[in-house]
Each structure stands twice: as C-alpha cells, then as structure tokens.
Amino acid sequence: MLYIISIVYMYNPEMSNTLNKLTETMPELMSAFGMSNIGNSLIEFLSTYLYGFLLLVLPLVFIIMLANKLMMGYIDNGSMAYLIATPNTRFKIVFTQAFFLVASIFILLTVTTLIAILFSGILFPNELDLSAFLTLNIGLFFLHFAISGYCFLVSCSSKDLRTSYAYSTGIPILFYLIQALSNMGGSLEKLKYFTIYSLFAPEKLMAQNSSSIWMLGALFVIGLLCYMLAIHVFVKRDLHL
Amino acid sequence: MAMIEVNNLTKKFGDFYSVQNVDLQIEKGEVFGFLGPNGAGKSTTIRHLMGFLQPTQGQCFINGLDCRQSTAEIQKFVGYLPGEIAFIDKMTGQQFIKFIAQMRGLNDLTRAHELMQYFELNATGLIKKMSKGMKQKVGLICAFMHNPEIVILDEPTSGLDPLIQTKFIDYILAEKEKGTTIFMSSHMIEEIEKTCDRVAILNAGKIVATEAIADSRCINALYH
C-alpha cells in the first residue's frame, strides 16, 4: 500500500505537469490538425508522454520491489520459516502473495487511469477517446502482468535476495534499453523481436486493431506461465530457513 | 508407533553429504536430545522434519504423516522454533505473535500471555530493536502458544541468559509431565542431560550414537 501511495503521489504532479504542457501545445496542435482531430491528439499526447516511459518505468520499479519483498524478502531473512510452520500449505502462501502482487498492479493502474481520465475530463472535456484510452490501459496492465510474473518467478526461485534483485531488475531494464534502441529505427529496428516491450504497442492498441489482440494474448500467456512456474518452483524447492 | 520417525535420511548438496543415513525413532511423550558440533547436520535434519527440504534419499514421518507431503497437516499439532532467529522486522513482538496465531487460526491468546509472563518478555517493542535473547523468547512463544503435541526446537537456549535458561529447563520438564513429545537440538550437554530421556549424537552428518540419558557418562566420553 505504501508503495502505491508514494508512487501515485509521485505520479500526480507529473500528470498535471504533462497536462499543463498540453495546454501550452494545444494551439499549435489545433492549427496543425484542425478541430476534428483534437480528441486523437490528447490521447496520442498521453500515450507518447506517459505510456512511452513514465507508466512503463514507475510501475516496473514498484513491481521489482514488491515482487522481491513478497517472496525472497521472507525467504532470505528467514521469517518464511514461521509462515511455513503454520498449518498453511506452501501453495496457499505463494498463491496469496502472487494474488496480492497482481491485485496491487491492477489497483495501481486503475488509480492512474482514473486520475488521467479525471484530469483530462476537468481540463479538456470530451477530448479523450475513452474506449481507446481504456484499451491502452488494459494493454499496459497485461504488459505489467507479464513482467511481474517474470519478477515473481525470479523472486521465488533465486538463492538469495541479491541474485533475485539482480535478475529481476537486470532483464527488464535490458528489455527496455533494447526497445529504446529499436525505436531509433534503421537496422536497429530488428532488435524489437528481442524485447517484451514490443508486445505493448500503444498506437495499435488505440486503433484497437486485431494484431493488438494477439499481442495482449501473448503477454497474458507469458505472465500466466511465469506465475504458474513460480508457484510450482516455490512449492517444490528446498528452503534453507 | 513412533511420533517422529526418520528413515535412512540422506541429503546431498552438490558433492557434500549434509546428513547421511540418519535413522531416528522418537516415541510419544519422550524428550529427545540431538547433540552435535556446529555443521554436523542437526538443523538440516530438522529442516527435513519441517518439510523445508526434499531428502536426497529416505523419508521422515511425524505421527505417521510424510513430512514432505503433509507439511501443512503436520503443523496443526507441531510447534517449531527455528535455529536462525528471523522475524518480520517491521512488527512489534506482540503484533508478530498475534499474526502467527492468526495464521494458525488460533484466537485464544491466553497461553501466549502466560508464556510471555513466564519468560519475562515485554513484547511491545519493535522486533528490529530487540536483543537476541528477546527475539529467542518471541520464537519460543510462537512454538508453544497453541499447546502443540509435538515440539521441535532448534537450539532453543541460544541467546538466553542463564536465569531464563534454567526457567526454560523447568518449562520443558513441565511440558514433559503433560505428555508433550519434544525434539530439541543443542550443542550444550547440560541442558540435554537435565531434560532429555534419550539423546542422539550427530557428527559430520552421521549418527554416532543413540543412548538413554542414563548412560550419559559414555555420551560425554563419545562427544569429547
């Protein structure tokens, strides 16, 4: 909860800043695209500014910290011994933690989405394409679901907290850097096949075209497999408590 | 039937045998001591009993239930004190005890309060700020507060001052009167001598001897 609040808190001023900036840029956009396209412009603006970086990286930090704390934190410091020494199965313990992680991400993204809709509504009534914006956020949730699955898997299977942090931080950041490189275009564009972030394509999601559906499906399957594997690993593994 | 049964337990980490062919039978109402130097494999054996580790070979049973398959079922009537003192640091002692009680589905905390009084523990402070001995007391309360039939203690007196150690020995004797089966590891012969009916000595992962405590003279000879 504390993480959510702090992150939403961090996020809030950023949000209004972007919207303030939007006010400044609005006249130019209006002249460039005409009145009819303003709805698209707002969502496009949001998608570039928020969904290209901020809403990818901040939830990632949140996920990494929470995923590591929820499992490896207790295993590494040994307090997991007390939890397993109660009449609860390992499956129940790990499932509860996994559920909490997914629910936290869901709440975090719901709150950010609601804030974005609310602020857009107050500052620029009727300019946000709501259904496209919601699809975009559902896509974002699936992306973070997949990444959190990976982090949770690492958290369940590592031998200590350090290794766990290293792998759960390293790989997503590597993916993000590859994504950034491939965005630069040219011959680097092929790199997009080597990063999970390619499965989250804001423009496709907003257009709600069919390829975005299987991309969401792929993210969901990746996430689900990771969570299932994580639970399996934790139930079977040796614990040196 | 033996309450705690360890059959031919072997655990290998890489090429290293942590325990090798360990056999133990502990009867109902018995207080059983587990002696051995550091690194002999006492804690590893206990971790198998708690279902933390998968044996390379052999099985462990508590009350006829396989320790690896029925771990949660077993915990209903077992109390456990881990060898390593570790809690959720952000909680106070009382919060932690209450939390563990809730995890056990235990609503009645009278026993926990009695124990806190007996062991002279003021658990209102943050666990993080507690001394080693205080943390050990919190662990002991968590192990005993649900009146378990079987108690597994991994070096229960480490960190306790001599006065509380004596109280602990009295407490174990009282539990023995009640018919509780107790399995405790230690590297201190005195507390084992005063409390236990039988004792097993472990060295380098192997059982060197299992004797009734009456023969503790020869145990002393073996151990040193």
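Residues numbered from 1 in each chain as written. Chains lettered and ligands numbered in written order. Predicted model: local features only at pLDDT ≥ 70, side-chain atom pairs only at ≥ 80, totals over all residues. Heavy atoms only, no water.

**What about helix 8 (residues 210-236) of chain A?**
The α-helix winds at 3.6 residues per turn, so residues separated by three or four positions along the chain end up facing the same way. Heads up, the rule is: Strands are runs of DSSP state E lasting at least 2 residues, helices are runs of H or I lasting at least 4, and numbering of each runs from the N terminus. Every helix has an expected span of 1.5 Å times one less than the residues it contains. Exposed residues in this analysis have more than 50% of their type's maximum accessible area, buried residues have under 20%, and partly exposed residues fall in between, with area computed by a 1.4 Å probe over protein chains only.
Its 27 residues give helix 8 of chain A an end-to-end C-alpha distance of 39 Å, which sits within 8% of 39 Å, the value for a rise of 1.5 Å per residue. Those residues of helix 8 of chain A lying buried are A:Ser211, A:Ser212, A:Met215, A:Leu216, A:Leu219, A:Gly223, A:Cys226, A:Tyr227, A:Ala230, A:Ile231 and A:Phe234.

**A short note on the sheet that holds strand 7 (residues 150-154) of chain B**
All names here are of chain B. Just so we agree on the cut-off: Strands are labelled as partners when DSSP assigns at least two bridges between them. Axis geometry follows a simple rule: fit a line to the C-alpha atoms, using only the stretch in contact for helices, then measure angles between N-to-C directions, giving values from 0 to 180 degrees. We call two residues in contact when some of their heavy atoms are within 4.5 Å.
The six strands are arranged 6-7-8-3-9-10 in an open sheet whose pairing can be described as mixed. Sheet topology places strand 6 (78-81) and strand 10 (206-212) at the edges, where each strand pairs with a single neighbour. Here the strands of the sheet are splayed against their neighbours by 15° on average, with no regard to which way each runs. In this sheet, strand 8 (residues 181-186) lies alongside strand 7 in parallel orientation, the contact comprising five bridges. Within strand 8, the residue paired with Val151 across the bridge is Ile182. Packing against the sheet, helix 6 (residues 162-178) makes contact with strand 3 (31-35), strand 7 and strand 8, and its axis sits at approximately 150° to strand 8.

**Re the side chain of B:Arg68**
Worth spelling out the cut-off: Neither His nor the chain termini are counted; the positive set is Lys and Arg, and the negative set is Asp and Glu. For this document, the term salt bridge refers to a Lys or Arg side-chain nitrogen within 4 Å of an Asp or Glu carboxyl oxygen.
Locating B:Arg68 in the fold gives a position in the loop between strand 5 (65-66) and helix 2 (71-75). No salt bridge is formed by the buried B:Arg68, whose closest oppositely charged neighbour, A:Asp238, lies at an N-O distance of 4.5 Å. Ignoring any residue separated from it by four or fewer positions in sequence, one finds B:Arg68 in contact with A:Arg90, A:Val235, A:Lys236, A:Arg237, B:Gly51, B:Phe52, B:Leu53 and B:Gln54.

**Topic: the interface of chain A and chain B**
What counts, and what does not: Summed over both partners, the accessible surface that disappears when two parts come together, traced with a 1.4 Å probe, is what is meant by buried area. Under this definition, polar contacts are N or O atom pairs within 3.5 Å; protein pairs additionally need one hydrogen-donor-capable and one acceptor-capable atom, and for neighbouring residues in sequence, both atoms have to be side-chain atoms. Only Asp, Glu, Lys and Arg are considered charged, only Ala, Val, Leu, Ile, Met, Phe, Trp, Tyr, Cys and Pro nonpolar, and every remaining residue, Gly among them, polar.
Taken residue by residue, the interface counts 22 residues in chain A and 26 residues in chain B. Looking only at chain A, the three residues that lose the most surface to chain B are A:Tyr82, A:Pro87 and A:Leu241, adding up to 33% of its buried area. Counting across the chain A and chain B interface gives one salt bridge. Run the count over chain A and chain B and you get nine residue pairs in polar contact (both at pLDDT 80 or more). Sorting elements by how many residues they give to the side of chain A that touches chain B places helix 3 (residues 80-84) of chain A first, with four residues. Partitioned by chemical class, the residues of the side of chain A that touches chain B number ten nonpolar, seven polar and five charged.

**Remarks on the packing of helix 3 (residues 93-103) of chain B against helix 5 (residues 132-144) of chain B**
Residues and elements named next belong to chain B. The condition that has to hold: Oblique is the label for any angle not under 35 degrees, not over 145, and not in the 65 to 115 range, which are roughly parallel, roughly antiparallel and roughly perpendicular in turn. The sense of a crossing depends on the near helix, which, turned anticlockwise from the far helix by less than a right angle, makes the crossing left-handed and, turned clockwise, makes it right-handed.
Taken N-terminus to C-terminus, the directions of helix 3 and helix 5 make an angle of 25°; their axes are 10 Å apart at the nearest point. Judged on the interaxial angle alone, helix 5 and helix 3 are roughly parallel. As helix 3 packs across helix 5, the resulting crossing turns out to be right-handed. Each of Phe96, Ile97 and Ile100 in helix 3 lies in contact with helix 5, whose residues at this interface are Val138, Ile141 and Cys142. For the contact of helix 3 with helix 5, the class distribution of residues is six nonpolar, no polar and no charged.

**Looking at the packing of helix 4 (residues 90-123) of chain A against helix 8 of chain A**
Residue and element names in this part refer to chain A. Direction vectors running N to C along helix 4 and helix 8 enclose 150°, while the axes themselves pass 9 Å from each other. Here helix 4 and helix 8 pass one another in a crossing that is right-handed. Along the contact surface, helix 4 presents Arg90, Phe91, Val94, Phe95, Ala98, Leu101 and Val102, while helix 8 presents Tyr227, Ile231, Phe234, Val235 and Lys236. The residue makeup of the contact of helix 4 with helix 8, split by class, is ten nonpolar, no polar and two charged.

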